[in-house]
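A closer look at the structure
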Amino acid sequence: MNTARLHQRFLLCSGADTDTRKIRKDSMFFALKGENFNGNEFAEQALKNGARYAVVDDKNYAKNQEDYILVKNVLETLQKLALFHRNYLEIPILAITGSNGKTTTKELVHAVLARKFKTIATKGNLNNHIGVPLTLLSMDDQTEFGIVEMGANHLMEIEFLCTIANPDYGYITNFGKAHLEGFGGVEGVIKGKTELYKFLQEKNKLIFLNHDDDIQRKHENYSHTFSFGENKGADVRLTYDLEAENAQINYNNTDFKSQLTGSYNAKNMAAALCIGLYFKVDFKEIHNAIENYNPTNNRSQVVESGSNKIIMDAYNANPTSMHAALENFRKLKTNKQKIAILGDMFELGSAAPTEHQVIANFAKNSEFAETYLVGENFKNTDCNSNFIFKFRDTDHLVEHLKESEFSNCYFLIKGSRGMALERALDAIKK
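Residues numbered from 1 in each chain as written. Predicted model: local features only at pLDDT ≥ 70, side-chain atom pairs only at ≥ 80, totals over all residues. Heavy atoms only, no water.

**Some thoughts on the sheet that holds strand 1 (residues 16–17)**
Convention followed: Here the rule is simple: two strands pair whenever DSSP picks up at least two bridges between them. Only runs of H or I of at least four residues qualify as helices and only runs of E of at least two qualify as strands under DSSP, and these elements are numbered from the N terminus. By definition, residues are in contact when any of their heavy atoms lie within 4.5 Å. What counts as an axis is a line fitted to C-alpha atoms, over the stretch in contact for a helix, and the angles between N-to-C directions run from 0 to 180 degrees.
Strand order in the open sheet formed by four strands is 1-2-3-4, and the pairing between neighbours is parallel. The two strands at the open ends of the sheet, each matched to only one other strand, are strand 1 and strand 4 (68–70). Strand direction decides the pairing type here: strand 2 (residues 28–30) and strand 3 (residues 53–56), joined by three bridges, are parallel. Bridging from a neighbouring strand, Phe29 pairs with Ala54 of strand 3. Seen against the sheet, helix 1 (residues 3–10) touches strand 1, strand 2, strand 3 and strand 4 and runs at an angle of roughly 130° to strand 2. Helix-sheet contacts for helix 3 (residues 74–89) involve strand 2 and strand 3, and the interaxial angle to strand 2 is about 135°.

Pasting the structure below:
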């Protein structure tokens, strides 16, 4: 079945699903394959659970031509359908990528643009070769604006995602020490992330720039840019309040006070302001959207439990974001005892020992009341101190926390998602 005919059937459906446990009535089920599963085996169950069609690539599972759609490759079909649907809708698409802060920025931009447009954005961090197509297929003829987050850990991935989403606008949050194993170093990160700007320039589309970023400013001579920053060359001139406990910016003599902890989030706010102004969202609506945005999913959240306060920022971590979080935590003015709980950073390859040692040294020199280093990489660091404690894994950390009593403490919890440090939050709040 060609893509156009498949799209006609898709328009009769409520959306695209890939998980039989979350089937929506009348959706189109795509039987994707993974290392440990074969979606074809679940096609029949998907139909029983309410799907209108099941797209499969194994004829042994296609029982009839009414409910089953047999294709050569389900994943490629999903991606081609997403591009076809995106072009069919003819709505503006903004792509966001970067090493740190792309999900928070996406959520802030979504909050702003939704004040003017019926906007659909990537849910959570479904930002890969499967998540991007599913995001596009979640849009319908009522959608006026689409925001697509793009993640990558290798070169050419952003370029490929652009061929699916075909964005009209793009923004890169920053370039940091993330996925060094796949990119082969920071230069690889820069090359990989800027594939978005390269794609947009070739299509004569617009790119949003942080004009204070030396790497991004290299693109300022391109004719279609709109920028923000403290730098006088920016289209949107603003300032950052780096002393505030929560991220804060000032534009046009107006303070924007967010519910996001960490001064490093101020640039994410600035990007949302810049994009909102470009699309002529009412200024008051932009202000309210940014100030009322409440972070979730363990991203820059502040949680209070009794006399204790916890910065929960354990959705993900890399050396750049870890250093920024620690620097912000170090500068915070408080009468509480500061305790840092740091989990291993993943996908660093051969750079892992060095990068974990650098973070351990920084934590030691920050003179927190206590620092807990969690994971094999941190456990192998050379960092002797009476105020630093190492744990092989999160289980051992949780045991310690449950046996301890904390009063009038200020915690920072930061680590890669795979460390599951949200369990530490539960132990502290016991």
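**Looking at the domain arrangement of the chain**
What counts, and what does not: Start and end positions for the domains come from either an automated domain assignment or a database one.
Here the domain parsing of the chain yields domain 1 (3–77), domain 2 (91–292) and domain 3 (301–428). Look at where the C-alpha atoms of domain 1 and domain 3 centre, and you get two points 43 Å apart.

**Remarks on the environment of His110**
Put simply, the test is: Two N or O atoms form a polar contact when they lie within 3.5 Å of each other; inside protein one atom must be a possible hydrogen donor and the other a possible acceptor, and for residues adjacent in sequence the pair counts only when both atoms belong to side chains.
By the element assignment, His110 lies in helix 4 (residues 102–113). A sequence separation of 10 residues divides His110 from Ile120, and the C-alpha atoms of the two residues are 7.7 Å apart. Of the polar contacts made by the side chain of His110, one reaches the backbone oxygen of Thr119; its length is 3.3 Å.

**Quick word on the pairing of strand 14 (residues 254–261)**
Judged from the five bridges that link them, strand 13 (residues 246–251) and strand 14 form a sheet pairing that is antiparallel. In the sheet register, Ile249 faces strand 14, and the bridge partner there is Phe256. Between strand 13 and strand 14, which pair antiparallel in sequence order, lie two residues; one of them, Asn252, sits at a positive phi of approximately 55°.

**Examining the pairing of strand 13**
For strand 12 (residues 239–240) and strand 13, the ladder comprises two bridges, and the chain directions are antiparallel. Residue pairing in the sheet places Thr239 in a bridge with Asn250 of strand 13. Between strand 12 and strand 13, which pair antiparallel and follow one another directly, the connecting turn spans five residues.

**Structural notes on the UniProt feature "binding site: ATP" (unreviewed entry) in the chain**
Which entries qualify depends on this criterion: UniProt positions are given in the numbering used here, feature names are shortened, and annotations may be inferred rather than shown by experiment. Throughout, exposure labels follow a simple rule: accessible area from a 1.4 Å probe, protein chains only, divided by the maximum for the residue type, with under 20% read as buried, over 50% as exposed, and the rest as partly exposed.
Here the UniProt feature "binding site: ATP" (unreviewed entry) sits at Gly98, Ser99, Asn100, Gly101, Lys102, Thr103 and Thr104. Tracing the chain through its elements places Gly101 in the loop between strand 5 (93–97) and helix 4. Discounting residues that sit within four places of it in the chain, Gly101 has contacts with Thr173 and Asn268. Residue classification places Lys102 among the buried positions, given a relative accessible area of 13%. If we skip the residues at most four places from it in the chain, Lys102 touches Ile96, Thr97, Asn127, Glu149, Met150, Gly151 and Thr173.

**Regarding the UniProt feature "domain: Mur ligase N-terminal catalytic" (unreviewed entry) in the chain**
UniProt tags residues 18–84 as "domain: Mur ligase N-terminal catalytic" (unreviewed entry). Across residues 18–84, the secondary structure splits into 25% helix and 15% strand, with the terminal C-alpha atoms separated by 19 Å.

**Quick notes on the pattern of salt bridges**
For clarity, the threshold we go by: Basic side-chain nitrogens of Lys or Arg form a salt bridge, by our definition, when they fall within 4 Å of a carboxyl oxygen of Asp or Glu.
In this structure the tally under the stated criterion is 18 salt bridges. In this structure, the salt-bridge partner of Lys33 is Asp57, at a minimum N-O distance of 3.6 Å. Here Lys33 is found in the loop between strand 2 and helix 2 (43–48), whereas its partner Asp57 is found in the loop between strand 3 and strand 4, with 24 residues between them in sequence. Taking the shortest distance from any N to any O, the salt bridge between Arg392 and Glu376 comes out at 3.5 Å. One end of the pair, Arg392, is in the loop between strand 19 (388–391) and helix 16 (394–403); the other, Glu376, is in helix 15 (residues 376–379), with 16 residues separating them in the sequence. On the accessibility criterion, Glu376 (41% relative accessible area) is partly exposed. Taken together, the salt bridges that share partners define one network made up of Glu44, Lys48 and Lys63.

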